[in-house]
Amino acid sequence: MKIKWVRMGMAIVLGVGLMLPVQGVALADAASEASNGALTWLSYQQDATAGYAFDGLVDSFEDFWGPNDPKQIVYTYDQAVASIAFIVKGERTRAEKVLNKMRDIQDPSGYWLNSYWYNNGYGEEIRKHVGPVVWMAMAAMAYEKQYNDTRYRPMALKALDWSLQYQQANGGIAGGWSAWTNSDEPWSSTEHNIDIYRVLQYFASVESSKTAAYTSAASGVKNFLDTYVWDESAKRFKGGWKNDTNLIDPKIPLDVNPWAVLALGSSGTHNYGASLAYVENASGTPGTLANPRYKQTLTYNDAGHTLTGYDFDWTDEVLPAYDDNGNQIGNTGADIWLEGSAFMSLAYYLQGNTAKADAINMEIIKKQGTSGASLGGIPYSLKGTSNSYWVMAQQNCVSSTGWLILSLHRFNPFTGQYLTGGSNPGDTTPPTAPANLAATGKTSTTASLSWAASTDNTGVTGYRVYRGGAEVAAVTGTSATISGLTAATAYTFTVKAMDAAGNLSAASNAVTVTTDPADNGGGEHVTPDFTAGGTKLSSTEVSLYITPVIPALYVDVHYKINGGPQLNLRMSLASGTWRHTVSGLGGGSSVEYWFTYEKSGPQYDSAHYTYIH
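Just so it is clear, the structure is predicted and the values come from calculations on it, not from any experiment.

A.B. asks: So what's going on with the packing of aromatic side chains? Residues and values would help.
C.D. replies: To describe a pair of aromatic rings, one takes the distance between the centres and the angle between the planes. The final tally for this structure, using the stated rule, is 38 aromatic pairs. With centroids separated by 5.5 Å and ring planes inclined at 75°, the aromatic side chains of phenylalanine 54 and tyrosine 116 adopt a geometry described as edge-to-face. Taken together, the residues phenylalanine 54 in the loop between α1 (25–47) and β1 (64–66) and tyrosine 116 in strand β4 (residues 115–117) connect sequence positions 62 residues apart. Tyrosine 116 sits in the buried class, given a relative accessible area of 8%. The positively charged end of arginine 92 is found above the aromatic ring belonging to tyrosine 147, 4.2 Å away from the centroid.

Rendered as C-alpha cells:
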C-alpha cells in the first residue's frame, strides 16, 4: 500500500530512538509514510479546536451530528495518547498545547472528567475515572523523560495523589467516581492498575517528597495484579475485581494482556508474556466467554480484501449485548479493534518478535485514511460491534491513530522510553554518571567532548549530551562533536548515560567551552552520516550542499538569512550531492541552515550550521 502525504511545509523529525522497522525498503517506506500520515491527521484534529473553549486539545473522533456539524468531544485518555504521539514525532509545540490546556483545566483536587465538549468547555461524560487521569500523568512522564523538563510534574503529582484515595485494602486502585450513580465505582479494573504502576514508580524515583508514599502504593498495586487478577491456569489477566462483592470480573478484555507486558515485562512474578500466546491461540468456534476468540480475519473493503487483527473481547457470536442495567447496547460479533491491535504489535516487539510486530502494523495501515480530512486517520474498530462494555465507533479516532505512531516508533508509554526489541521494562536501575567530561577540540561552530564510560547492571546503550538543560546529541560512544554553535560564545555541557530500559544516569561534571571567532564561510562539516557546507558562488549567492554517506531519497534545507524568517525547500541532487542556491546576500550576511534528510526510511534533522558570506 503506497500513500502520498502532502504536508510539505512541515518537517517530520524522527530523532534519537525513533527508528521505524527496517525489513527492506518497501516496509520501511510504508511504515514511515503511515507514521507521517498519522501525524497529519492528529494535527488536523488538533487544529479543529482552534478558537474554541478548549483550544489546543485534539478532537477525539472524526464524527458528526450531520453535515458540517462535528460532535466536538475530547476524551481525557485521547489527549494523553495524542500528546505522547506528538512527543514521539518531535512535535514538541503541539504536545505542549495539549499538556498546557489539560494543566489549565485540571480540577484543583487533581482529576479530569472522562470527556469534555471542546466548543464550550463543559463536561461531556461526567465521570472521574482513575485510568484516564493516570494516563495524563503518564503523558507528563513521557514529556519529562524525553525533554528533561519538569514543567508538568506538579500536574502529574496531583493526578496521582487524587487517584490514590481509591486504593483498597487488597492494594488495587478502584475505578473512581460516577455522576451516573453519584457514588464511587465499585470495581478495581486490571487496566487502571496496570496504568498506574510504572507511573508511581517513576515519580517515586524523582520526587523525594513522594518516594515513600508512591513506592508503598506501587507495591500494593503489584500485589493486586499478581495475586487477585492474574489467572495462573490460563496464563493471562482477568478484567478486574468487584469490590462490592469481592468477586472477580468474569469479562476478559484484550487490552489488559499486552498492556501488562508493556508495564511489567515478559516475565517477573509470573510469565506475563504467555498472555500474548493466550490471546493469539484462543480459538473458540464461535468465541465465547468460556472458549474465547480474539484474532479475526475480516473483509475491510468492497473489493473483499481481508485484514487480520485482534478484537476487544472474546466473542464473535452475533447476539444482543446488554449493559449492567439490562439495556441493549448493540450486538456482539466478530470485529477488529485497531487500537488494541497496535497494543499487540508493541508488546510483541518488546518480546523480540519484530516480524510479528511489523506484520500487525502493516495490517492496521490497510485501514488508514488516504484523502481529505480522513488522510492518515485510523478507525477505532472495523465493524462497529458492541464489546460488552459499549458500542465501538467506526470513525477515525485519536486513540487508534496515536497508538499506531507509538507502535511504529517502538515507544513504550508505560515507561516513557523507546524499546529495543526484547527489552524488559523491569529494569529501573540507572547507569553511573559519566566521569571526567572534558573538551578535546573546538572551532567557531563546533565543540568536541570526551568522557569516561559509565557502568550499568544490564549495560549502557548510549549517552545524551546536554547544552545547558537542552539535549543536543545522542551517541553510543564516549565522545561527541556538537555542531551549529555561535562563534566566540561560551557553552556549558554535561552528559548522561542511558541503558536499554531508558534509565538515565545523573549528570556528569560540567565543562564550559568558548568557541573560536567566526571564520569566513563557516567551513565544511563532516559527520558520520554526511558532509555539508556552503560554497560562495558570487558576492550575493552561496550554494548550500550536503553529501549523505548513504544515498538519500530526498533532502530538505531550512535556512534563515540574518535571523529572518525560516525558508524550507527541497534540494536538487547531482552526482550524489544535494544543493540549493541562496541569493540576495551581502557582505557579512549570516545564513543559519540545517537539513531534514531521509536515511533508509526514517527522516532526521541535522545540527544547525552558520555560513558567513
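Next comes the rest of the write-up.
A.B. asks: Requested: an account of the packing of helix α8 (residues 256–264) against helix α10 (residues 338–350), with residues and values cited.
C.D. replies: Closest axis-to-axis distance for the α8/α10 pair is 9 Å, and the angle between their directions is 40°. The element α8 and its partner α10 pack so that their crossing is left-handed. On α10, the residues that touch Pro258, Trp259, Val261 and Leu262 of α8 are Phe343, Met344, Leu346, Ala347 and Leu350.

A.B. asks: I'd love a proper account of the packing of helix α4 (residues 130–147) against helix α6 (residues 190–206), names of residues and values included.
C.D. replies: Taken N-terminus to C-terminus, the directions of α4 and α6 make an angle of 40°; their axes are 9 Å apart at the nearest point. In terms of axis orientation, α4 runs oblique to α6. As for the relative orientation of α4 and α6, their crossing is left-handed in sense. Only His192, Asp195, Ile196, Val199, Tyr202, Phe203 and Val206 of α6 make contact with α4, whose side of the interface consists of Val130, Gly131, Pro132, Val134, Trp135, Ala137, Met138, Met141, Glu144 and Lys145.

A.B. asks: So what's going on with unusual backbone geometry? Which residues, and what values?
C.D. replies: Cis peptide bonds are those with omega within 30 degrees of zero, and the linkage from threonine 285 to proline 286 qualifies with 0°. Here proline 286 shows up in the loop between α9 (274–281) and β13 (295–299). Although it is not a glycine, serine 575 sits at a positive phi angle of roughly 55°. Within the element layout of this structure, serine 575 appears in the loop between β33 (572–574) and β34 (577–582).

A.B. asks: How would you explain the pairing of β13 if you had to name every residue and give the values?
C.D. replies: Burial of β13 is one-sided: the residues Gln296 and Leu298 facing one way are buried, the residues Lys295, Thr297 and Thr299 facing the other way are not. The pairing of β13 with strand β14 (residues 306–310) spans five bridges and is antiparallel. When the sheet's bridge partners are listed, lysine 295 is paired in β14 with tyrosine 310.

A.B. asks: Could you give me a rundown of the nonpolar core, with the residues and numbers involved?
C.D. replies: In terms of nonpolar packing, the biggest core is built from 125 residues, with Trp112, Trp135, Leu200, Phe203, Phe237, Trp403 and Phe414 touching the most fellow members. Here the element with the most residues in this core is α4; it accounts for 13 residues. If near-sequence neighbours (up to four positions away) are discounted, leucine 200 is found in contact with Leu160, Leu164, Tyr214, Ala217, Ala218 and Val221.

A.B. asks: An account of the confidence of the model for the chain is requested, with residue identities and associated values reported.
C.D. replies: Averaged over every residue, the pLDDT of the chain is 89; the share at 70 or more is 92%. Segment residues 1–25 is flagged for pLDDT under 50; beyond a separation of four residues in sequence, or across chains, it makes 76 contacts in the model.

A.B. asks: Could you give an account of the pattern of salt bridges, naming the residues involved and the relevant values?
C.D. replies: Counted under the stated rule, the structure contains 21 salt bridges. Linking glutamate 125 and arginine 127 is a salt bridge whose minimum nitrogen-to-oxygen distance equals 3.0 Å. A relative accessible area of 16% means that glutamate 125 is categorised as buried. For aspartate 226, the salt bridge goes to lysine 222, with nearest N and O atoms at 2.6 Å. Of this pair, aspartate 226 and lysine 222 are both found in helix α7 (residues 211–227), four residues apart, which corresponds to roughly one turn of the helix.

Conventions adopted
Residues numbered from 1 in each chain as written. Predicted model: local features only at pLDDT ≥ 70, side-chain atom pairs only at ≥ 80, totals over all residues. Heavy atoms only, no water. Phe/Tyr/Trp six-rings, centres within 6.5 Å; stacked < 30°, edge-to-face > 60°. Helix = DSSP H or I, 4+ residues; strand = E, 2+ residues; numbered from the N terminus. Buried < 20%, exposed > 50% of the residue type's maximum accessible area, 1.4 Å probe, protein only. Lys NZ or Arg CZ within 6 Å of the ring centre and 35° of its normal. Axes fitted to C-alpha atoms, helices over the stretch in contact; angles between N-to-C directions. Left-handed = near helix turned anticlockwise from the far one by under 90°. Contact = heavy atoms within 4.5 Å. Parallel < 35°, antiparallel > 145°, perpendicular 65-115°, else oblique. Pairing = 2+ DSSP bridges. Core = buried A, V, L, I, M, F, W, Y, C linked by side-chain atoms within 4.5 Å. pLDDT = per-residue confidence, 0-100. Salt bridge = Lys/Arg side-chain N within 4 Å of Asp/Glu carboxyl O.

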